[in-house]
There are 2 protein chains.
Amino acid sequence: MPLKNSSTVYLFKQLGAGIAVGMAVAAIARAADHPSSPALMPLPSQLQLGTAQGEIVVQETLSFSLSSKDEPRVEAAVARLGQAWTRHLGRSVRVALTNAMRAQLLITIAHPTDALPALGDNESYQLKVSQGQAVLTAETTVGALRGLATLQQALMLQGDRAVVPAMAIEDSPRFPWRGLMIDVSRHWQPMAVIKRNLDGMALVKLNVLHLHLTDDQGFRVESRTHPELTAKGSDGNYFTQEQLSEIVAYAAERGIRVVPEFDVPGHATSWVVSHPELASQPGPYRIERHWGVFNPVLDPTNEKTYALLSDFFGEMCALFPDAFFHIGGDENNGVQWNANPRIQAFIREHGLKDNAGLHNYFNQRVSEILRRQGKRLLGWDEILNPGLPPESVIDSWRGPDALAEAARRGYAGILANGYYIDLNFPARDHYLSDPLPADSTLNAEQRAHVLGGEAPMWAEWVNPDNIDTRIWPRTAAIAERFWSPAAVRDVADMYARLPAIDRALQDAGLRQGDWPVFPGVAAPMAKALALLANAVEPVKKYQRGGLQPDHVQSTPLNQLADWSRPNSTSARIFNETFQAWLENGSSNHDARLDVMEKQLRVWQEAGSRSADFFSGTDRVSVAQRQTAAALRAISDVGLECVKAIRDRRLVAQETAQPARAILDQAAIPTSTAVEFPFLPSLRGLLSAATARESSAPILPQDH
Amino acid sequence: MPLKNSSTVYLFKQLGAGIAVGMAVAAIARAADHPSSPALMPLPSQLQLGTAQGEIVVQETLSFSLSSKDEPRVEAAVARLGQAWTRHLGRSVRVALTNAMRAQLLITIAHPTDALPALGDNESYQLKVSQGQAVLTAETTVGALRGLATLQQALMLQGDRAVVPAMAIEDSPRFPWRGLMIDVSRHWQPMAVIKRNLDGMALVKLNVLHLHLTDDQGFRVESRTHPELTAKGSDGNYFTQEQLSEIVAYAAERGIRVVPEFDVPGHATSWVVSHPELASQPGPYRIERHWGVFNPVLDPTNEKTYALLSDFFGEMCALFPDAFFHIGGDENNGVQWNANPRIQAFIREHGLKDNAGLHNYFNQRVSEILRRQGKRLLGWDEILNPGLPPESVIDSWRGPDALAEAARRGYAGILANGYYIDLNFPARDHYLSDPLPADSTLNAEQRAHVLGGEAPMWAEWVNPDNIDTRIWPRTAAIAERFWSPAAVRDVADMYARLPAIDRALQDAGLRQGDWPVFPGVAAPMAKALALLANAVEPVKKYQRGGLQPDHVQSTPLNQLADWSRPNSTSARIFNETFQAWLENGSSNHDARLDVMEKQLRVWQEAGSRSADFFSGTDRVSVAQRQTAAALRAISDVGLECVKAIRDRRLVAQETAQPARAILDQAAIPTSTAVEFPFLPSLRGLLSAATARESSAPILPQDH
């Protein structure tokens, strides 16, 4: 490891509009070769490690100072950093605002502001860590937040010590628009999902949350002018207006814009459930439960369509302060328009040529509504038709070529294609997708139209339990593509850093590392174990202390004895059934024999199957496996007896002897500290089957 | 079922002090014979079913009226009833206060009060349900709460209909003291455990929560005069004073008294951790981590002992308004007193005779402290010594004879013996234990001293996860013993009603029905399934919709495809290792072969073991089992190849052919909708091992 203690420089320069040239990229030390460096993602545009001596040692308190008094967003970000480090280290790291003389972390902001984040914010910052001190300098408040995200990732464990090593960073983003889209329509994603993903976005410097709020499968925002939209179109799962404002504020606190999307005129089933009169074919409609592209589409020839959109978009524009407003516009399959003679007549009468012309007419009407609200329109590729207002932005699912074509026509755009994290491609594939590929033939002015990109999380196959596993950690690699210089594209280096970032994301509150609860998988095991647990009881009186003498206050209560319960219902009923059978003359075709046989078969299988689960070689597992095996063995004995009784034959002495030994053995308490409360009944059955000790001979009187 | 539609009368009369005679008990219809009756527990002292026609049908709203305006406790109890019914029915049951003209439930209280519950409260009530209306009448507010508990249990499902059938009840308790004791010292039990168990107590008409707050293993209440008691004696697990007041208020709202216990002078280790000078032998002491009877005991000859108790009990008496105060007093083994010459000299000098005399001296000093606070002293059997103040109460762990002896000596008492639910005996045993057994020779006056009983939940073997399974449902049977007439003792009938009560308790918030999380049991399975999940990835692009065409919005996302993740790390590293091996000349003793072999062995075992878990016969389980089996099969192929390569032999054609078929088969997507991302590497290994398609022959160049 010759590089380990040497100094390393990750150095990139940005030339022209969006052109990044890596300097000596091939010679750069990769994270894998440099284990004493922190794993940062996105990589800063300039990073020097090891040139200076020193480090910050993180102890109980991280003291920090602020150059200006009232910086609640920065203070809150430092507090979150403290929380994340607390989770990471498993011990408390408090943060304390102090004066610059004593602070470990000095934060200086040239032009602090509490303005909402906006496209084009200056996000640059400098971070210099030397012995005992970190100095973070930024032009703007948002820049300081980006620097704090870097610092949050820079914590390293060296043995027992938690340190931030010396480093010098000058950093600014390659693209100004770095987004994550979350679809909350296909599967509903509640507030907690949105909030923790905003925390994740902040950690990797993403700055736009695009919320896909309506689609065929659900209308997910409250409208006060048209409450019927959610009343009929949401199954009750939608954000209230208070919640939407809460999301906007939560995002703004992290320097993240929120762009809402209301997909029109297609993907509109959930709209027309309550407003069938606005569809292009007669209703009624129901919320769509399947996945795919569907026919329902708003009728652009109906003035009531624009009246509703005007009401509703007016409410939404007030709630979402960002300058951009996404109207979807994708995947109208044309079926309803083609089938509607009135709509086709409208196309002809207005000289619109075809469905694309009609879609364009619709967009112009909608953009007029939004223009009155001071918004710039954003939409998927399909909106790029002649007459699209020049300030509109293309969100390209089609790809870099489509985006470049838009740029040539003067439209700004972002790239979604290549970052579809719902499609389960590896991080590598997304990482190597570039909004401005190296072979791009765009000129400098056209390149400036490429604002960046976004990762769409379509929600057909995700719910709150697993959505984080689909977004993270891969989206951290995408965030690096959007922020870091184009020359940063060493896949192995990215993968070497990814596990640490994955951990940092979980420290920030994301849940991709949680073991999900999947009843479909666990159910068969759970059933066998439940049957085992119900077949036994914890030992009585104070026996357990003797059987488990090592048990102390801190010993987990997680064994079969804890899991089973007093007064087992199945055992009690078995005992009652046996008693009733005995009192009824021990007949060989009493229905109670069937009841006992059925229960014994259940226990036999439960014992057999659950024994497989206790596969550990530790003492507790071995003992529990033996208990499960004993359940199977005594059930075998019981079944043998039932069979003999039913066949009116005596169990032979050479069979009865070992059978009795099995029952005797099972009666001896073991370190499992459970007992089989139906053992006396099995002894009784065995006696009856051998007719030796039984006062009620089983030989036929009833036939 | 001749009784099914006939009228049934459960009728008991109470004669004299505590003597109950069942009228025609033997002839009473048991619940098992009478499935259309609600399962009530405790059984009311008089219950007539089916004599009147009619029922209440419970729809969306239950309307109720109150005879007096301000009855927050009763309103809250009706609201809880609505919540429990909502849980039971799986649909919303709202409650709405209305006027008596329109109410389904009319509640009339003769003497409403907001006084705290106290021993001897009139708890009687009458409940009459006829067509469309229930009339609940009580002398007191607490009586009304008891009647509502009966009504809460009386809901029945008849097909789709939820009804309360016609009935006429006159009810009052046999004993005035009906307790549950919870030990929060041995294992800490937080607020949630206490609150949900208070809800359970209310449902079965228990009226005293006895909190065992200090013991050798933990000091569980905040003292403001002596914060060192918890600082050193609690591991940080204790109730704050605010929480204690919250418990008292929560209980009072349910008509339940709270009696605190501070066990002295024995069971005192957690006291002397912070006050070794008060022990009867020199310290230092540590919190006890084991179970049993231990030596540490307070020094009754030290005036500082009384100074501390006076401070601390003063605080506690202010927090716990009940008239009774439990000082424990049990199981002082005398070891420390015997070994302390100064203490033995004190005994001689004060003419106290022996250790029992010294304990008595201690009790008198303590009772004087409590008398000044207006409290009556309560303690375990050992406190019954000459000179015990006559207003003291014996909590008998020794049994009915000890209790009877105390009664003969004029002391009131309650029976704990027979109700030790920590000992895992069946409900039947507790049910047949009686504070006043049928063969009691006490006279009427002495009988009046027997106030009732309590079920002690000692906490050596319970934590918040399983404590409810130890308390419930057995304590419902104990509650019936304390409330219902003595003649109610049909075990089969009790067991027939118990499942419905168990369910009602869970509807009220108890958790004995929850599947507990026991990592010790689930860990081996979880590990195998995690390895399986990490070996596969969900299929790419939009394939899944085609493979699982029946999937709709409401289909649970709980299959292997949901559980696995994109970009499997173990698969990626395997592929990278294979590539590096190939590029390095496919050497037969490259360490990368070891890495691949090790991973393949892990997958082989994970496939093999996890296949056992998918044992269902449904389509999803079958498919997942096949996927697990495929993982095992392809791992076998890989291992075969590694072995051949290492042995420098070619895999024979007759082996290679089926091996290739196995890999081909595994590459075909199934309805599991996952894929094996390392399959290409296995194909490469097979090619290398057969040297057929490989450009890098494996035959030795390196040796």
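What counts and what doesn't
Residues numbered from 1 in each chain as written. Chains lettered and ligands numbered in written order. Predicted model: local features only at pLDDT ≥ 70, side-chain atom pairs only at ≥ 80, totals over all residues. Pairing = 2+ DSSP bridges. Helix = DSSP H or I, 4+ residues; strand = E, 2+ residues; numbered from the N terminus. Axes fitted to C-alpha atoms, helices over the stretch in contact; angles between N-to-C directions. pLDDT = per-residue confidence, 0-100. Contact = placed C-beta atoms within 7 Å. Expected span 1.5 Å × (residues − 1). Buried ≥ 20, exposed ≤ 12 C-beta atoms within 10 Å, placed from the backbone. Right-handed = clockwise from strand over helix to strand, strands pointing away.

1. Some thoughts on the sheet that holds strand β4 (residues 55-57) of chain B
Residues and elements named next belong to chain B. Read from one edge to the other, the open sheet built from three strands follows the order β4-β11-β10, with strand pairing classed as antiparallel. A single partner strand is all that each edge strand has here, and the edge strands are β4 and β10 (156-158). The sheet shows a mean angle of 40 degrees between the axes of neighbouring strands, taken without regard to direction. The pairing of β10 with strand β11 (residues 161-165) spans three bridges and is classified as antiparallel. When the bridges of β11 are listed, Met156 appears paired with Val163.

2. Some remarks on the confidence of the model for chain A
All names here are of chain A. Taken residue by residue, chain A gives an average pLDDT of 89. The fraction at 70 or more is 91%. Contacts for the low-pLDDT stretch residues 1-34, under 50 throughout, to residues beyond four places or in other chains number 67 contacts. Low pLDDT, under 50, characterises residues 516-521; the predicted model gives this stretch 13 contacts beyond four residues in sequence or across chains. Of the two predicted TM-score estimates for the complex, the pTM is 0.59 and the ipTM is 0.71.

3. Side note on helix α24 (residues 679-690) of chain B
Residue and element names in this part refer to chain B. For α24, spanning 12 residues, the distance from its first C-alpha to its last is 16 Å, which sits close to the expected 16 Å at 1.5 Å a residue. Counting buried positions along α24 yields 10 of 12 residues, so the element is predominantly enclosed. Within α24, the full set of buried residues consists of Ser681, Leu682, Arg683, Gly684, Leu685, Leu686, Ser687, Ala688, Ala689 and Thr690. At its buried positions, α24 is contacted by α20 (569-583), α22 (619-646) and α23 (653-667). Positive backbone phi, approximately 55 degrees, marks Ala691, located one or two places after α24.

4. Topic: the pairing of strand β20 (residues 412-415) of chain A
All names here are of chain A. Alternating positions in β20 separate into two faces, Ala412 and Ile414 on one and Gly413 and Leu415 on the other, with burial throughout. In this structure, strand β19 (residues 393-396) lies alongside β20, joined through four bridges in parallel fashion. Along β20, the bridge assignment pairs Asp395 with Ile414. For the handedness criterion, the β-α-β arrangement of β19, helix α11 (residues 400-408) and β20 is classed as right-handed. In this structure, β20 lies alongside strand β21 (residues 450-457), joined through three bridges in parallel fashion. Residue pairing across strands places Gly413 opposite Val450, the latter belonging to β21.

5. A word on the sheet that holds strand β10 (residues 156-158) of chain A
Residue and element names in this part refer to chain A. Spatially, three strands are ordered β4-β11-β10 in an open sheet, and the strand pairing comes out antiparallel. A strand with exactly one partner marks an edge of an open sheet, and here the two such strands are β4 (55-57) and β10. Neighbour-to-neighbour, the strand axes of this sheet turn through a mean angle of 40 degrees, independent of strand direction. By the bridge criterion, three bridges tie β4 to strand β11 (residues 161-165) in an arrangement that is antiparallel. Note on β11: the bridge partner recorded for Glu55 is Pro165.

6. Describing the pairing of strand β12 (residues 167-171) of chain B
Residue and element names in this part refer to chain B. Because side chains alternate across β12, one face comprises the buried residues Met167, Ile169 and Asp171, and the other comprises Ala168 and Glu170, none of which is buried. Where strand β8 (residues 125-130) lies against β12, five bridges are found, and the strand directions are antiparallel. From the neighbouring strand, Gln126 faces β12, where its bridge partner is Glu170.

7. Details of unusual backbone geometry
Here Val264 of chain A and Pro265 of chain A are connected by a cis peptide whose omega angle stands at 0 degrees. With respect to the helices and strands, the residue Pro265 of chain A is situated in the loop between β16 (257-262) and α6 (269-272). A cis amide bond links Gly283 of chain A with the next residue in sequence, Pro284 of chain A, at an omega value of 0 degrees. Located in the positive-phi region is Asp235 of chain B, a residue other than glycine, with phi close to 55 degrees. Inspection of the secondary structure puts Asp235 of chain B in the loop between α4 (228-233) and α5 (241-253). Despite not being glycine, Ser586 of chain B shows a phi value in the positive range, around 50 degrees. Relative to the assigned elements, Ser586 of chain B resides in the loop between α20 and α21 (591-613). You can call Ser586 of chain B buried: it has 26 C-beta atoms within 10 Å.

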